[in-house]
Amino acid sequence: MDMLQTLKIALRALRTNKMRSFLTMLGIIIGIAAVIAMMAVGAGASHVIAQQIASIGSNIILVIPGSTTSGGIRVGSGSTQTLTSDDVKAIIAECPSVEFAAPSVRTTSQVIYGNMNWSTVVMGTTPELFDIREWGVVNGRSIGQQDVDGAAKVCLLGQTVAENLFGEEDPVGKIVRIKKVPFTVIGVLERKGQSPQGQDQDDSIFVPLKTDQRNLVRSQFTNTVGAARVKAKSKELLDNAEQEVQSLLNQRHRITNGKEPDYTIRNLSEILAVAEQSSRAMSLLLGSVASISLIVGGIGIMNIMLVSVTERTREIGIRMAIGARRNDILMQFMTEAVLLTMIGGIIGIGLGAGGAMVVSKMLEWPTLISVQSVTIAFLFSAAVGIFFGFYPARKAARLNPIDALRYE
Amino acid sequence: MDSVISLTDIRRVFTMGDQQFEALKGVSFSVSAGEFVAIMGASGSGKSTCMNILGCLDRPTTGEYRLDGVDVGSMNHDQLADIRNSKLGFVFQGFNLLPRTPAVENVELPLVYAKVPAKERRQRALAAMEHVGLNGKENNHPTQLSGGQQQRVAIARALVNSPAVILADEPTGNLDSATSEEIMNLFNELNRNGITIIMVTHEPDVAAHAARRITFRDGSIIADTRA
Ligand SMILES: Nc1ncnc2c1ncn2[C@@H]1O[C@H](COP(=O)(O)OP(=O)(O)OP(=O)(O)O)[C@@H](O)[C@H]1O
Ligand SMILES: [Mg+2]
């Protein structure tokens, strides 16, 4: 029997019992809608994390002073004075797997322009930082090596700072005061958005490291830095870079076997990869919870198809007497079941996409409906039809023609 | 011998639990092409059981059945379905049309399973309907037709695939005598055109239209007469 005819017969059967068909479909509609919505929310989360990974730059490790743990407890990392500019220079010079390394010193301060003032993070650093973080300027220029060498009183503004101090005005060339020291604005950075920790990365000002150490930090340890970002030459060399930095620092800080290191190395990409994994696992979990409702819907389909086979036993007998093969009957009922679930699937996809959009509007949570998830949902709905339609269809196909014809 | 149908020592034993019942006790006869046979006999004598075997809807417990020279006994489900489709046409007492389906689609049904293209299917179905005098009723559903008209649709459906044999089990059982007469005249006309017909009936008036009469009693043939 040709497909068109099979489809026509199945559609007629579904139309005969419109209400019943709809109610049967409802299980699938709800299931698919739930799966689509869950996958959209999960994909949205993954997307955010992927963006964050891109925002910190790739193949990066972070070195901070102080040991992370002492018997499992974190002790004052970042607050000790054990990491110096010279350590960073040594890393650049002696670690072959390292492409860039950039030290940074972090303070918070009021920044004043005219009668405006803004409290923000001031970072002293070197030009490599912007290479590592893949962070360009939209206006003016970035910090150059000559600025660092000459301890120039220049600064680079993040978008948030520029907006709050200057509004519509062009900041480049203007003078701002940080801790009463005047700095010339040389550029404004691109917008970067939130960090993985949820901080506004654009709410910061960058100044040359030496300038910062001399004019702003003003402690007796003027050569210390708060952190160093190290970029490996490639993803494959990331582990090598980490080891090279570790052995170099151990040597420079005279840390022998068994002694607690006075610095901590963190692999930022790794942390985020873990976050991404857990978000994936979460959406998988949500998806599988949602797919339980699909199974329930599938059982509903099976139930109704069994009823339908019983009701139409006589019709099956007639068809067999007239020359339908078992396979023709099987296909007829399978088509009916699959049609039921596929129509339900399409409606469910629409509903789920709509639901995801509402969620993303109301909770301001990004959702992402991919072609992939729609395809999966659609194929899955068809698969539910095939799986749960098979038993009733086979029951129909196995009927004995005489018994079926005689059925009252 | 150009017999379309030949039954040799057909037995059919029904088993229900530990009880056995022999509905056919060694039935043998053959039917030549172009014959019109009426099968008669008391209720429960095995007529329908025999017709089901002739129609390849049931298999004999023992015995040989040759249809158009082919031994049907060794065939599988699909082969039997194809035989029913191409060589046999059924007319039932209760018409057995598909509900909620236009008459013409009911007539087309055997051609659907024979994988005839849609256009040709419709042409042949309309021709068959015209043949049985149902012009203008193509799109009526079974519930919108009289009993006699429904049986004509069933006959058109039996005819549409040009079968070797039409099997009719009490085709007039649900019809009044005037309508029965019309249906029998139609059968006679089809038979004159060369179609072999085997028909079960209880009514002597109806049986009188057939040239040959086989009588059953308790699962055996007790008479086989030609007019
Ligand atoms: N599936 C079955 N299982 C058990 N016994 C059966 C079955 N089908 C028929 N029989 C028995 O076989 C016998 C013959 O039945 P059959 O239907 O052939 O009679 P019939 O001659 O057609 O009668 P009627 O004129 O009333 O239609 C009956 O006694 C019936 O009870
Ligand atoms: Mg009978």
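Residues numbered from 1 in each chain as written. Chains lettered and ligands numbered in written order. Predicted model: local features only at pLDDT ≥ 70, side-chain atom pairs only at ≥ 80, totals over all residues. Heavy atoms only, no water.

Visitor: Just to check I follow, could you spell out helix α6 (residues 159–166) of chain A for this structure?
Guide: Since one α-helical turn is 3.6 residues long, residues separated by three or four positions face the same way. Buried residues dominate α6(A), accounting for six of its eight residues. One or two positions beyond α6(A), positive phi appears at Gly167(A), with a value near 60°. (Buried < 20%, exposed > 50% of the residue type's maximum accessible area, 1.4 Å probe, protein only. Helix = DSSP H or I, 4+ residues; strand = E, 2+ residues; numbered from the N terminus.)

Visitor: Help me understand the domain arrangement of chain A, please; the structure alone is not making it clear to me.
Guide: Frequently, the measure chosen for interface size is the accessible area that the parts lose on association. Once the domains are mapped, chain A shows domain 1 (3–52 + 274–406) and domain 2 (81–261). Put simply, the middle of domain 1 of chain A and the middle of domain 2 of chain A, counted by C-alpha atoms, are 56 Å apart. (Domains from an automatic or database assignment.)

Visitor: Would you mind going over the layout of surface pockets with me for this structure?
Guide: A water-sized probe, rolled over the atoms, reveals where empty space remains. All names here are of chain A. Estimates place the volume of the second largest pocket at around 500 Å³. Of all the elements in the fold, those that place two or more residues in the lining of the second largest pocket are α2 (18–56), α9 (268–311) and α12 (371–397). Top contributing element to the lining of the second largest pocket by residue count: α9, with seven residues. In terms of residue class, the lining of the second largest pocket is built from ten nonpolar, nine polar and one charged. (1 Å grid on protein atoms, 1.4 Å probe; cavity = no way out; pocket = protein on both sides within 12 Å on 5 of 7 lines; lining within 4 Å. Points joined across faces, edges and corners; volume = space filled by probe spheres on them. Nonpolar A, V, L, I, M, F, W, Y, C, P; charged D, E, K, R; others polar.)

Visitor: I tried to follow empty space enclosed by the protein on my own but got confused; where do I start?
Guide: A complete count under the given rule lists one cavity of 30 Å³ or more for this structure. Approximately 70 Å³ is the volume attributed to the largest cavity. If you trace the largest cavity, you find it lined by Ala321(A), Ile322(A), Arg84(B), Asn85(B), Leu88(B), Gly89(B), Phe90(B), Pro110(B), Arg157(B), Ala158(B) and Asn161(B). Elements represented by at least two residues in the lining of the largest cavity include exactly α10 (313–322) of chain A together with α2 (77–87), β6 (88–91) and α5 (147–159) of chain B. No other element matches β6(B), which puts three residues into the lining of the largest cavity. For the lining of the largest cavity, the per-class residue count stands at six nonpolar, three polar and two charged.

Visitor: Can you help me understand the nonpolar core in this one?
Guide: Nonpolar side chains in soluble globular proteins tend to be buried together. Counting 69 residues, the largest nonpolar core has Leu54(B), Tyr65(B), Leu67(B) and Ile198(B) as the members making the most contacts within it. Examining the composition of this core, we find that eight residues originate from one element, helix α11 (residues 326–362) of chain A, more than from any other. When residues no more than four places from it in sequence are discounted, the contact partners of Tyr65(B) are Ile5(B), Ser6(B), Leu7(B), Ile10(B), Ile53(B), Leu54(B), Cys56(B), Val70(B), Asp71(B), Val72(B) and Gly73(B). Formed by 38 residues, the second largest nonpolar core is a distinct cluster that contains Val107(B), Leu134(B), Ala168(B) and Leu190(B). (Core = buried A, V, L, I, M, F, W, Y, C linked by side-chain atoms within 4.5 Å. Contact = heavy atoms within 4.5 Å.)

Visitor: Looking at this structure, I do not really get the environment of Leu175(B). What am I missing?
Guide: Residue and element names in this part refer to chain B. Residue position: Leu-175 is located in the loop between β7 (165–169) and α6 (177–192). For Leu-175, a relative accessible area of 13% corresponds to the buried category. Along the sequence, Leu-175 and Leu-54 sit 121 residues apart, while their C-alpha atoms lie 24 Å from each other. Discounting residues that sit within four places of it in the chain, Leu-175 has contacts with Phe-95, Gly-147, Gly-148, Gln-151, Ser-180 and Ile-183.

Visitor: Please explain the packing of aromatic side chains as it appears in this structure.
Guide: Working definition: an aromatic ring pair is given by the centre-to-centre distance plus the angle between the planes. All names here are of chain A. Per the stated rule, a full pass over the model turns up six aromatic pairs over all chains. Plain terms: the ring middles of Phe-130 and Phe-206 are 5.2 Å apart, the flat faces sit at 75° to each other, and that makes the pair edge-to-face. Of the two residues, Phe-130 is situated in helix α4 (residues 128–132) and Phe-206 in strand β10 (residues 204–208); the sequence distance between them amounts to 76 residues. Under the relative-accessibility criterion, Phe-206 is labelled buried at 1%. Each member of the aromatic cluster is reached from another via a ring pair, and the members are Phe-130, Trp-135 and Phe-206. (Phe/Tyr/Trp six-rings, centres within 6.5 Å; stacked < 30°, edge-to-face > 60°.)

Visitor: I tried to follow the sheet that holds strand β5 (residues 70–71) of chain B on my own but got confused; where do I start?
Guide: By definition, the strands of a sheet pair up through backbone hydrogen bonds, in either a parallel or an antiparallel sense. Residues and elements named next belong to chain B. The sheet built from four strands is open, its strands ordered β2-β1-β4-β5 with antiparallel pairing. Edge positions in the open sheet fall to β2 (19–32) and β5, since each of these has one partner strand only. Relative to the sheet, helix α1 (residues 47–54) contacts β1 (3–16), β2 and β4 (62–67), its axis offset from that of β1 by approximately 120°. (Pairing = 2+ DSSP bridges. Axes fitted to C-alpha atoms, helices over the stretch in contact; angles between N-to-C directions.)

Visitor: Would you explain the site of ligand 1 in this entry?
Guide: The environment of ligand 1 is made up of 15 residues, and the closest members are Ser43(B), Gly44(B), Lys47(B), Ser48(B) and Thr49(B). More than one chain approaches ligand 1, the contributing ones being chains A and B. At 3.0 Å from an oxygen atom of ligand 1 is found a main-chain nitrogen or oxygen belonging to Gly46(B). When isolated, ligand 1 has an accessible area of 630 Å², and the protein chains bury 69% of it. The set of elements that each furnish at least two residues to the shell around ligand 1 consists of β1, β2 and α1 of chain B. Examining the composition of the shell around ligand 1, we find that three residues originate from one element, α1(B), more than from any other. Partitioning the shell around ligand 1 into residue classes produces five nonpolar, seven polar and three charged. (Near = heavy atom within 4 Å. Polar contact = N/O pair within 3.5 Å; in protein donor to acceptor, adjacent residues only side chain to side chain. Areas by Shrake-Rupley, 256 points an atom, 1.4 Å probe, with all protein chains shown as cover.)

Visitor: In this structure, what is going on with α2(B)? I would like to understand it.
Guide: Taken together, the buried positions of α2(B) are Leu80(B), Ala81(B), Ile83(B), Arg84(B) and Asn85(B). Residues of α2(B) that are buried sit in contact with α10 and α13 (401–406) of chain A together with β4, β6 and α3 (103–113) of chain B. One side-chain oxygen of the residue at the start of α2(B) lies 3.1 Å from the amide nitrogen of Asp78(B), identifying that residue as Asn76(B).

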